[in-house]
Amino acid sequence: KKLLDRVFETKGAKYVGEIAIGTNKNITKFTHETLFDEKIAGTIHLAMGASYPETGRLNKSDIDWDLVTSMQNDGEILMDGQSIYQNGEFII
C-alpha cells in the first residue's frame, strides 16, 4: 500500500491509461518483457498512467505502468452482466 500510494502521487498515475486482453496464442510463456507478456492469449493487462498519444488520450503522466495477469484459471470478464470470457477464452 505504501508503494502504491507513493506511485499514485505522480501526476496522472492514478488513472487508467489502457486496458487490453491478450490474444496471441504464439507466445506461450511469460518472458518478463511486458510488451510480449501483455499479448499472451489468456492474459489481461491494465496500465496505470499514460497511454499512447495515437489513441486520443486525455490523461498525461510521467509513468505508464503495465500490470499483467493470467486469466486462464478461473478468470472471467462480464459485459452488461453476461459472461463473455472465461478461463482465457472468449465464449461468444
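Before reading further, recall that the structure is shown in the block above.
Residues numbered from 1 in each chain as written. Predicted model: local features only at pLDDT ≥ 70, side-chain atom pairs only at ≥ 80, totals over all residues. Heavy atoms only, no water.

S.K.: For this particular structure, what's the right way to read the overall build of the protein chain?
M.R.: Across its full length, the protein chain holds two helices and six strands. Going from N to C terminus, the protein chain has its helices and strands arranged as α-β-α-β-β-β-β-β. Each principal axis of the C-alpha distribution contributes one length, and for the protein chain these read about 40 × 35 × 30 Å. Counting across all 92 residues of the protein chain, residues that qualify as buried make up 32%. Carbon together with sulfur atoms contributes 54% to the accessible area of the protein chain, which is approximately 6,900 Å² in total. (Helix = DSSP H or I, 4+ residues; strand = E, 2+ residues; numbered from the N terminus. Buried < 20%, exposed > 50% of the residue type's maximum accessible area, 1.4 Å probe, protein only. Areas by Shrake-Rupley, 256 points an atom, 1.4 Å probe, with all protein chains shown as cover.)

S.K.: For this particular structure, what's the right way to read the sheet that holds strand 4 (residues 76–79)?
M.R.: In sheet architecture, strand pairing relies on hydrogen bonds along the backbone and comes in two forms, parallel and antiparallel. What the three strands build is an open sheet, ordered 4-5-6; its pairing is antiparallel. Each edge of the sheet is formed by a strand with only one pairing partner; in this case those strands are strand 4 and strand 6 (89–90). (Pairing = 2+ DSSP bridges.)

S.K.: Would you explain the pattern of salt bridges in this entry?
M.R.: Note that side chains of opposite charge can pair when their charged atoms are close. For the structure shown, the criterion picks out three salt bridges. Where K1 meets D5, a salt bridge forms, and the shortest distance between an N and an O atom there is 2.8 Å. For D5, a relative accessible area of 36% puts it in the partly exposed group. Here E89 ties to K25 by a salt bridge, and the two come within 3.9 Å at their closest N and O atoms. In this pair, E89 is assigned in strand 6 and K25 in the loop between strand 1 (16–21) and helix 2 (34–37), connecting sequence segments 64 residues apart. (Salt bridge = Lys/Arg side-chain N within 4 Å of Asp/Glu carboxyl O.)

S.K.: Could you clarify how one ought to interpret unusual backbone geometry in this entry?
M.R.: Phi is mostly negative for residues that are not glycine, and the peptide bonds are mostly trans. In this structure, D80 is a non-glycine residue whose phi angle is positive, near 50 degrees. Looking at where D80 falls in the secondary structure, it is placed in the loop between strand 4 and strand 5 (82–86). Of note in the backbone geometry, N87 takes a positive phi value of approximately 50 degrees without being a glycine. Relative to the assigned elements, N87 resides in the loop between strand 5 and strand 6.

S.K.: Explain the environment of G17 to me, please; I cannot follow it from the model alone.
M.R.: The topology assignment puts G17 in strand 1. Sequence separation between G17 and Q86 is 69 residues, and the spatial gap between their C-alpha atoms is 24 Å. In contact with G17, not counting residues within four places along its chain, are A47, M48, G49, A50 and S51. (Contact = heavy atoms within 4.5 Å.)

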